[in-house]
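Coordinate inspection notes
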Amino acid sequence: MIQANRLDNGFFKYQKEFEDAALRVLRSGYYVLGKEVESFENEFAAYIGSKYCVGVDNGLNALKLAFRALGIGPGDEVITQASTYIASVMGISMNGATPVLVEPDEYYGPDPKAVEKAITERTKAVLVVHLYGQCCKMDEITKICRAHSLKLVEDCAQSHGSDFDNKRTGTFGDVGCFSFYPTKNLGAFGDAGAVTTDDPELDKKFRVLRNYGSEKRYHNMVVGENSRLDELQAALLRVRLSHLDEINAERAEIAAAYGRLIDNPLITLPTVREKGSSVWHQYVIRCDRRDELKEYLAEQGVGTIIHYPIPPHLSQAYAYLGHKKGDFPITEKYADTVLSLPMFTGMTKEEIEKVAEAVNSFR
Ligand SMILES: *Cc1c(COP(=O)(O)O)cnc(C)c1O
């Protein structure tokens, strides 16, 4: 059986380095917000190309803190794509702001025309989600945000290292929000996240908000949160970050091989926009008979995952937004037809070929 993902491979490939880093922290006597976190923040900012990076506890809280630091809350609207992981939408609504959903384009990012049409006098920001690893249409969306004086936040939970026109995701907007959940391209061994920004004021706000609203111990300026990153995850992330280009290059090779080998008129393959790039967080194909295909592949020994079967507007959590089936036909079509093929560190040539053969033999 070829599993859809193999996180253990990602550990064993750099086992000695991970173990050394973990022991260094365990023996240091210092476990939360210390030297490892500071070093990781500097190294990640340098990698992304942002002035600042602030480590936080997970991706959802990175989003939540981004909107909070930007002063976005009740009565404000934030536009984002309807076809995303539900955490993106939660990052908006946790602050009391209203998520305004729009249809995606063919690359799964928000359709710039739909974004522009959704703007009202209450719109305060746009949240782009670089879904499956591909950078959104940032040339068009940054223009729209500038023209309408809107804040721009990027959900980069799936796009560590991908770029558009040689500029990396996480540097286009006011804030870039990252998750380092273990399945992400830059994965920790537990929960972790970060925000990136070029704005020194925002950087300061994030540092205060993540630690009970205090810059100096016991001097609490605002009612903050506990969204701290711990030393163990930071030290392990530093190891993974030093290999991220290699990790992403391997995923690109797997994606290229799928593109070469898969040939079945029932299947739509993913495409990457000119000047853009994908770090292939997922390799997502589409098929009108997706559920049958998934079952067929399982019979052939190929594991797959659906990202994501229920779009946020049809989930119980967002029933209060008042949407119904049919409101976002493109999003709903994607939810009914997408399927993620196996994609992980250490996938063998034989495994890639077996997946492609299984997909090709579906009739
Ligand atoms: C994983 C993910 C998140 C949430 O990150 P957590 O660290 O799990 O809280 C948010 N948005 C997207 C697009 C994600 O894939």
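A brief report on the enclosed structure follows. (Residues numbered from 1 in each chain as written. Predicted model: local features only at pLDDT ≥ 70, side-chain atom pairs only at ≥ 80, totals over all residues. Heavy atoms only, no water.)

The subject of this paragraph is helix H3 (residues 35-48). The end-to-end C-alpha distance of H3 is 20 Å, a good match for the 20 Å that 14 residues give at a rise of 1.5 Å each. Taken together, the buried positions of H3 are occupied by Glu-36, Val-37, Phe-40, Glu-41, Phe-44, Ala-45, Tyr-47 and Ile-48. The buried residues of H3 occupy an angular sector of 160 degrees when the element is viewed end-on, so they sit on one face. Counted as exposed and oriented over 90 degrees from the buried face of H3: Lys-35, Asn-42 and Ala-46. At the C-terminal side of H3, Gly-49 shows a positive phi close to 95 degrees. (Helix = DSSP H or I, 4+ residues; strand = E, 2+ residues; numbered from the N terminus. Expected span 1.5 Å × (residues − 1). Buried < 20%, exposed > 50% of the residue type's maximum accessible area, 1.4 Å probe, protein only. Arc of directions from axis to C-beta.)

This brings us to helix H4 (residues 59-69). Most of H4 is tucked away: nine of the 11 residues are buried. Residues of H4 that are buried: Gly-59, Asn-61, Ala-62, Leu-63, Lys-64, Leu-65, Ala-66, Phe-67 and Ala-69. Where H4 begins, one side-chain oxygen reaches toward the backbone nitrogen of Leu-60, 3.1 Å away; that side chain belongs to Asn-58. Where H4 terminates, the next one or two residues include Gly-71, which has phi positive at roughly 75 degrees. (Polar contact = N/O pair within 3.5 Å; in protein donor to acceptor, adjacent residues only side chain to side chain.)

Scanning the entire structure with this criterion turns up 24 salt bridges. Asp-165 is the salt-bridge partner of Lys-275, the closest N and O atoms lying 3.8 Å from each other. Taken together, the residues span a long stretch of sequence, with Lys-275 in the loop between helix H10 (244-261) and strand S12 (283-286) and Asp-165 in the loop between strand S6 (163-164) and strand S7 (167-168) at a distance of 110 residues. As a salt-bridge pair, Glu-292 and Arg-289 come within 3.1 Å of each other at their nearest N and O atoms. Residue Glu-292 is classed as partly exposed on the basis of its relative accessible area, which comes to 44%. By sharing partners, the salt bridges in this structure join Arg-24, Glu-36, Glu-43 and Arg-238 into a single network. (Salt bridge = Lys/Arg side-chain N within 4 Å of Asp/Glu carboxyl O.)

What follows is about a nonpolar patch on the surface. On the surface, Leu-23, Leu-26, Tyr-31 and Val-32 cluster together to form a nonpolar patch covering roughly 340 Å² of accessible area. Checked against the element boundaries, Leu-26 lands in helix H2 (residues 15-28). (Patch = residues over 30% accessible without salt bridge, like charges linked within 9 Å, V, L, I, M, F, W, Y side chains within 5 Å. Areas by Shrake-Rupley, 256 points an atom, 1.4 Å probe, with all protein chains shown as cover.)

In this structure the tally under the stated criterion is 16 aromatic pairs. Aromatic pair Phe-40 and Phe-44: ring centres 5.5 Å apart, planes at 20 degrees, arrangement stacked. Taken as a pair, Phe-40 and Phe-44 lie in helix H3 at a separation of four residues, close to a single helical turn. Through a chain of ring-to-ring contacts, the aromatic side chains of Phe-11, Phe-12, Tyr-14, Phe-18 and Phe-189 assemble into a single cluster. When the ring centre of Phe-172 is taken as origin, the NZ or CZ atom of Lys-167, which lies over that ring, is 5.3 Å away. We note Arg-168 situated over the ring of Tyr-47; from NZ or CZ to the ring centre the distance is 4.1 Å. (Phe/Tyr/Trp six-rings, centres within 6.5 Å; stacked < 30°, edge-to-face > 60°. Lys NZ or Arg CZ within 6 Å of the ring centre and 35° of its normal.)

On to the nonpolar core. Within the largest apolar cluster, 57 residues are counted, with the highest numbers of intra-cluster contacts made by Tyr-258, Leu-297 and Leu-341. Element by element, the count of residues in this core is highest for H4, at six residues. Among the nonpolar cores identified, the runner-up in size contains 19 residues, and Phe-40, Tyr-47, Ala-188 and Ala-234 belong to it. (Core = buried A, V, L, I, M, F, W, Y, C linked by side-chain atoms within 4.5 Å.)

Taken together, the neighbourhood of the ligand is formed by Asn-58, Gly-59, Leu-60, Tyr-85, Ala-87, Ser-88, Val-129, Asp-155, Ala-157, Gln-158, Ser-179 and Lys-184. At 2.7 Å, a side-chain N or O of Asp-155 approaches a nitrogen atom of the ligand. Between an oxygen atom of the ligand and a side-chain N or O atom of Ser-179, the distance comes to 2.7 Å. For the shell around the ligand, the elements supplying multiple residues, two or more each, are H4 and helix H5 (86-93). (Near = heavy atom within 4 Å.)

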